[in-house]
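So you can see what is in the structure, the chains are spelled out below.
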Amino acid sequence: MADAAATKQQQHLSINGGSLMSELKSQFSFLKNRRTVAVAYGFMFAFVAFTVFLAFNPSPNSYAPWFSNIFTITYSDSYRSQDSSFFSHFLPNNTDKITNSSSSAQNSTSRSNEVKNPSANVQNQTQIPAVDSVNPAVLHANQSSTSIANNSSIKIPPTSKNSSEDQALKLNQTTITAPTSPVIANQAANSSVNSPVQAANSSVNSPVQTANSSVNSPAQTANSSVNSPAQMNKSANADEGVTVKQKKETGKLNYTGASPVKQPSNGIDDLVKKMVNCDLFDGEWVKDDSYPLYKPGSCSFIDEQFNCIRNGRPDKNYQKYKWKPKGCSVPRLNPAHMLKMLKGKRLVFVGDSLNRNMWESLVCMLKGAAKDPSKVFEANGRVHFRGEFSYSFIFKDYDCTVEFFVSPFLVQEWEMPDKDGTKKETLRLDLVGRSSDQYKNADIIVFNTGHWWTHEKTAKGKDYYQEGSHVYNDLNVLEAFRKALTTWARWVDANINPMKSQVFFRGYSASHFSGGQWNSGGACDNEVEPIKNATYLQEYPSKMLVLEKVLRGMKNHVTYLNVTQMTDYRKDGHPSIYRKPNVKSPLLYQDCSHWCLPGVPDAWNEILYAELLLNEYQKRQVQKRQR
């Protein structure tokens, strides 16, 4: 019975075993097909390759090491959630640990970068949001990143100082391409949007740009100008040094208010800076064959009495002198540049015929530099400039005028009834000149007075000077001069806006009558050289001491053109007997007060030009200190 049972059990196992093997063989019979085997192996290889790719694919953040991003995808939150779900299916117990480890590594890396580059201030962020091709992402203040999301075709080399030699652009080199999005102020160096590398101090074509940067060229040097509507404040690397460099290269110093005019040469600023503490009126006349500043006979606007060469004067050396101060040099007057300075402005001369001398000199110089001389003309078509109360030359291409108003005393000449029914001429010391309202808004005004105060009536001062209804029986000429200048000064303080107008006062121009006065046989026709020894100069006029005291008491600033001593050297520069064409004037009356043109008044205008340059320079210095 026992043997029969064992035999029966053995038979049963054999039968079951045979059945199991047969069943297994039938289940895997498809493996005998070679094509099926290849598909199976391919699937296994693809699975392994995909797993390795996910494990070793680097993060798009170039700052983080590849091993800190294993099993972590940072392209977007949707990708992150899908991949986490995928790995959680296979590694349900380790996914959170891996993700937390990656996050910790990212934060650690970010803090490390923050320490190495404090200016970047990454603030625990390792990459920027995806950059849309139409609306690129904007880099915010203090953000530092070199990643370009959604742009796998561009590989970003490191942008640090110690980066490899094959990086596309170096520090302080401008970028090749520029995004159309704005870059916010204080953006960290080495940041880039839509470009392989955007170096420090570079800029883009945007409403807000980094100062001193450049765009729109394949390769441009950093810190150059840009084409933008508005620019940001200078960055730390491009502040005063770059500004000074630009000033030296262009000769232009910027300031607000009236737009600055580009200087005519690179060395002009050096001359202007030296003039700041220089007395322009203490110097000497030096021979210079490059003078005069305009060709004799070339200007039809020179009044007959000043046109000495046309009137037959044989010597010409008086035209060949330049005024040279002791401590500096006066820039040669550049009429083309001065026209640019005067664009849209009014320059007015107010005073006696000596200011008319200066006015004609400047008109002739400026006309010669005008683009179209036919567009330079006197407003009323006049060609002679004696007899009327005002004249105005229009420079049409420059929208400016150079004008002259006759006012020899700066106060009003008056008439009042006398006892016998006639009219008596007086000088109203309390009323400024009648034409004052016509020029009070001019941009530049040059006043003068002096010579008419030497005439017989004013010098004697008897029954001539008037204040209100009172006529002085006898008043000293210096006191009358002081009263008149005080009236003028009060008018300037009350009527001229110093924020708009520059006011100058040209001092007394020395006369050189020898053997008598202007109306009593005084002569200077034999003078062909300047005075070379200062001991032979005349005493400084007491009227100019009065003027200086009045100027010091004014509220408004007035620039004093103290030409008295410098013109005292030039006894050779007067028309003398050459006052009319080809006819020697009677020796009884020579002109030793006015000046031949070209001649001494050209030097006055050079000093006026220098003072205008100096004024612009000082304004720019003030604005520079206020930045």
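The rules behind each value
- Residues numbered from 1 in each chain as written.
- Predicted model: local features only at pLDDT ≥ 70, side-chain atom pairs only at ≥ 80, totals over all residues.
- Heavy atoms only, no water.
- Helix = DSSP H or I, 4+ residues; strand = E, 2+ residues; numbered from the N terminus.
- Buried < 20%, exposed > 50% of the residue type's maximum accessible area, 1.4 Å probe, protein only.
- Contact = heavy atoms within 4.5 Å.
- Areas by Shrake-Rupley, 256 points an atom, 1.4 Å probe, with all protein chains shown as cover.
- Pairing = 2+ DSSP bridges.
- Axes fitted to C-alpha atoms, helices over the stretch in contact; angles between N-to-C directions.
- Disulfide = S-S within 2.5 Å.
- Lys, Arg positive; Asp, Glu negative; His and termini not counted.
- Salt bridge = Lys/Arg side-chain N within 4 Å of Asp/Glu carboxyl O.
- Polar contact = N/O pair within 3.5 Å; in protein donor to acceptor, adjacent residues only side chain to side chain.
- Right-handed = clockwise from strand over helix to strand, strands pointing away.
- Patch = residues over 30% accessible without salt bridge, like charges linked within 9 Å, V, L, I, M, F, W, Y side chains within 5 Å.
- Core = buried A, V, L, I, M, F, W, Y, C linked by side-chain atoms within 4.5 Å.
- Arc of directions from axis to C-beta.
- Parallel < 35°, antiparallel > 145°, perpendicular 65-115°, else oblique.
- Left-handed = near helix turned anticlockwise from the far one by under 90°.
- Nonpolar A, V, L, I, M, F, W, Y, C, P; charged D, E, K, R; others polar.

### Observations concerning the overall build of the protein chain
Here is step 1 of the chain: Assigned secondary structure in the protein chain consists of 14 helices and 13 strands.
Here is step 2 of the chain: Burial status across the protein chain gives 45% buried among its 627 residues.
Here is step 3 of the chain: Contacts in the protein chain between residues far apart in sequence, at least 24 positions, make up 67% of those at least 6 positions apart.
Here is step 4 of the chain: Only carbon and sulfur atoms are counted for the fraction: they give 52% of the accessible area of the protein chain, which is about 33,900 Å².

### With respect to helix 12 (residues 542-552)
Three- or four-residue spacings in an α-helix give side chains the same orientation, since the helix completes a turn every 3.6 residues.
Here is step 1 of the chain: Those residues of helix 12 lying buried are Lys-543, Met-544, Val-546, Leu-547, Glu-548, Val-550 and Leu-551.
Here is step 2 of the chain: The secondary structure elements touched by the buried residues of helix 12 are helix 11 (477-495), strand 12 (502-506), strand 13 (559-561) and helix 13 (564-568).

### What about the sheet that holds strand 11 (residues 470-471)?
Here is step 1 of the chain: Within the open sheet, the four strands sit side by side as 7-8-10-11. Their pairing is mixed. Edge positions in the sheet fall to strand 7 (411-417) and strand 11, since each of these pairs with one other strand and no more.
Here is step 2 of the chain: Two strands pair when backbone bridges link them, and strand 8 (residues 423-432) and strand 10 (residues 465-467) are joined in this way by two bridges, in the parallel orientation. In the strand pairing of strand 10, Arg-428 is matched with Gln-466.
Here is step 3 of the chain: Lying over the sheet, helix 11 contacts strand 7, strand 8 and strand 10, oriented at roughly 50° with respect to strand 8.

### Examining the state of the cysteines
Here is step 1 of the chain: The full count for this structure, using the stated rule, is four disulfides.
Here is step 2 of the chain: Here Cys-299 is linked by a disulfide to Cys-364, with a sulfur-sulfur distance of 2.0 Å. Linking Cys-299 and Cys-364, the disulfide has an S-S dihedral of approximately -75° and is accordingly described as left-handed. Here Cys-364 lies in helix 8 (residues 353-369) and Cys-299 lies in the loop between strand 1 (283-287) and strand 2 (321-325), a separation of 65 residues in the sequence.

### Remarks on the side chain of Lys-322
Here is step 1 of the chain: Looking at the element boundaries, Lys-322 is found in strand 2.
Here is step 2 of the chain: Glu-606 provides the closest opposite charge to the buried, unpaired Lys-322, separated from it by 4.2 Å.
Here is step 3 of the chain: In this structure the side chain of Lys-322 is engaged in a polar contact, spanning 3.0 Å, whose partner is the backbone oxygen of Val-330.
Here is step 4 of the chain: With near-sequence residues (within four places) excluded, Lys-322 lies in contact with Glu-284, Trp-285, Val-286, Asp-288, Tyr-291, Val-330, Arg-332 and Glu-606.

### So, the pairing of strand 12
Here is step 1 of the chain: Counting buried positions along strand 12 yields four of five residues, so the element is predominantly enclosed.
Here is step 2 of the chain: One ladder, built from four bridges, connects strand 9 (residues 444-447) with strand 12; its direction is parallel. Bridge pairing in strand 12 links Ile-445 to Val-503.
Here is step 3 of the chain: Relative to strand 13, strand 12 runs parallel, the two being bridged by three bridges. Its bridge partner lying in strand 13, Phe-505 is registered against Tyr-560.
Here is step 4 of the chain: Taken together, strand 12, helix 12 and strand 13 constitute a β-α-β crossover, and its handedness is right-handed.

### Some remarks on a nonpolar patch on the surface
Here is step 1 of the chain: Residues Tyr-41, Phe-43 and Met-44 make up a contiguous nonpolar surface patch of roughly 410 Å² in combined accessible area.
Here is step 2 of the chain: With a relative accessible area of 61%, Phe-43 lands in the exposed category.

### Brief notes about the sheet that holds strand 13
Here is step 1 of the chain: The seven strands are arranged 4-5-6-3-9-12-13 in an open sheet whose pairing can be described as mixed. If you trace the sheet from one side to the other, it starts and ends with strand 4 (376-378) and strand 13, each paired once. Recorded for the sheet is a direction-independent mean angle of 15° between the axes of neighbouring strands.
Here is step 2 of the chain: Set on the sheet, helix 8 makes contact with strand 3 (346-351), strand 4, strand 5 (390-395), strand 6 (400-406), strand 9, strand 12 and strand 13; between it and strand 6 the angle comes to about 165°.

### Focus: the pattern of salt bridges
Here is step 1 of the chain: Enumeration according to the criterion identifies 21 salt bridges in this entry.
Here is step 2 of the chain: Notably, a salt bridge pairs Asp-282 with Lys-326, separated by 3.5 Å at the nearest N-O pair. Within this pair, whereas Asp-282 is found in the loop between helix 6 (268-275) and strand 1, its partner Lys-326 is found in the loop between strand 2 and helix 7 (335-341), the two being separated by 44 residues in sequence.
Here is step 3 of the chain: Accessibility expressed as a relative area gives 27% for Asp-282, which makes it partly exposed.

### What to know about the nonpolar core
Here is step 1 of the chain: In terms of nonpolar packing, the biggest core is built from 65 residues, with Met-338 and Phe-349 touching the most fellow members.
Here is step 2 of the chain: If one sorts the elements of this core by residue count, helix 14 (residues 600-626) sits on top with eleven residues.
Here is step 3 of the chain: Every residue in contact with Phe-349, bar those within four places of it in the chain, is listed here: Asn-355, Met-358, Trp-359, Leu-362, Val-402, Glu-403, Phe-404, Phe-405, Val-446, Asn-605 and Leu-608.
Here is step 4 of the chain: Membership of the second largest hydrophobic core comes to 39 residues, among which are Ala-442, Tyr-464, Val-492 and Leu-547.

### Regarding unusual backbone geometry
Note: most peptide bonds trans; most residues except glycine with negative phi.
Here is step 1 of the chain: Following Tyr-291, the chain continues into Pro-292 via a peptide bond in cis, with omega recorded as 10°.
Here is step 2 of the chain: With respect to the secondary-structure elements, Pro-292 resides in the loop between strand 1 and strand 2.
Here is step 3 of the chain: The residue after Leu-597, namely Pro-598, is reached through a cis peptide bond having omega -5°.
Here is step 4 of the chain: By the secondary structure assignment, Pro-598 is in the loop between helix 13 and helix 14.
Here is step 5 of the chain: Phi is positive for Asp-463, close to 50°, though the residue is something other than glycine.
Here is step 6 of the chain: By relative accessible area, Asp-463 is classed as partly exposed at 37%.
Here is step 7 of the chain: Despite not being glycine, Ser-576 shows a phi value in the positive range, around 50°.

### Thoughts on helix 6
Here is step 1 of the chain: Those residues of helix 6 lying buried are Ile-268, Asp-269, Val-272 and Met-275. One side of helix 6 holds all its buried residues, which, seen down the axis, span an arc of 120°.

### Topic: the pairing of strand 3
Here is step 1 of the chain: Summarising burial for strand 3: five of the six residues are buried, a large majority.
Here is step 2 of the chain: For strand 3 and strand 6, the ladder comprises six bridges, and the chain directions are parallel. If you follow Arg-346 over to strand 6, its bridge partner there is Thr-401.

### What to know about the packing of helix 11 against helix 12
A packed helix pair is summarised by two numbers, namely the angle formed by the two axes and the spacing between the axes.
Here is step 1 of the chain: At a closest axis distance of 10 Å, the pairing of helix 11 and helix 12 adopts a crossing angle of 30°. As the angle between them shows, helix 11 and helix 12 are arranged roughly parallel. Classified by chirality, the crossing of helix 12 by helix 11 is right-handed. Two secondary-structure elements touch here, helix 11 through Leu-478, Phe-481, Arg-482, Leu-485, Thr-486, Trp-488 and Ala-489 and helix 12 through Ser-542, Lys-543, Met-544, Val-546, Leu-547, Val-550 and Leu-551.
Here is step 2 of the chain: Taken together, the residues of the contact of helix 11 with helix 12 sort by class into ten nonpolar, two polar and two charged.

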